[in-house]
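# Analysis of the macromolecular model
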Amino acid sequence: MSANEHRDRRNAATPARIFGLTDKALVWRGEDGNAAAGQVELADIAQVRLSVEMAGQQSQVVCRVTDTQGEETVFGSMRWTGVGHWEPAADTFSALLRELHLALLPYRDGIRFIEGSSMVFLFVMFGLGLALTGISLFFFALLFLVREQPTGLFLIAGVVAGVWLTRLFWPRGPKPYDPETYARPATKREPDPA
């Protein structure tokens, strides 16, 4: 296994895993580090998707690796530690992501490299935004315009939140990216002069 190991746990329903690379596969094992839990051969990878997802009140970058059989392996830049609690793991995530993209360069013609959330997720969140907007508008009209109760004004916040959700999650297709972008080592930023 590679020197760059990444500890990850997606949520309460998934086990903690340690990810790494061999010459021929992306591998992972249990948190105890003893037994190999699984692997996906580099030659069998069909798609690599990078997206930004929520991690509690913060956001994280998530890498979803899909093989030719449709099985998906996921790891991200934040690690779930408990209900509502996430800890950053960006340093090991970015090292593994760089190493993975470098290892996949010989296979790049057979792999789809894309950035963006899945259309299903976008449609669900877009639908929730539309529902929130519609329900808030209905009760605003009922309470404020028909019954002339000033409490209906509070529903304007629901309308604004619903419109914000629909705009944020407007369904758009994923964008392809060049794997060499992530295969390059990160450039170190020079400290600002004092």
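Preceding this section is the structure that the text describes.
Residues numbered from 1 in each chain as written. Predicted model: local features only at pLDDT ≥ 70, side-chain atom pairs only at ≥ 80, totals over all residues. Heavy atoms only, no water.

### Observations concerning the environment of aspartate 32
Formally: In this text, helices come from DSSP runs of H or I with a minimum length of four residues, and strands from runs of E with a minimum of two, each type numbered from the N-terminal end. With a 1.4 Å probe rolled over the protein chains alone, any residue whose accessible area is under 20% of its type maximum counts as buried; one over 50% counts as exposed, and the rest are partly exposed.
Of note, aspartate 32 is situated in the loop between β3 (25-30) and β4 (36-41). Relative accessible area serves as the criterion here: at 59%, aspartate 32 is assigned to the exposed category. Each C-alpha atom, one on aspartate 32 and one on proline 106, is 32 Å from the other, the two residues being 74 residues apart in sequence.

### Concerning the pattern of salt bridges
Test applied: Salt bridge, as applied in this entry: a Lys or Arg side-chain nitrogen positioned within 4 Å of an Asp or Glu carboxyl oxygen.
This model, assessed by the stated rule, comprises seven salt bridges. Arginine 79 is paired through a salt bridge with glutamate 87; the nearest N and O atoms lie 2.7 Å apart. By relative accessible area, arginine 79 is classed as buried at 18%. As a salt-bridge pair, glutamate 180 and arginine 108 come within 2.8 Å of each other at their nearest N and O atoms. Of this pair, glutamate 180 sits in helix α4 (residues 180-183) while arginine 108 sits in the loop between α1 (90-104) and β10 (112-115); the two residues are 72 residues apart in sequence, bridging distant segments of the chain.

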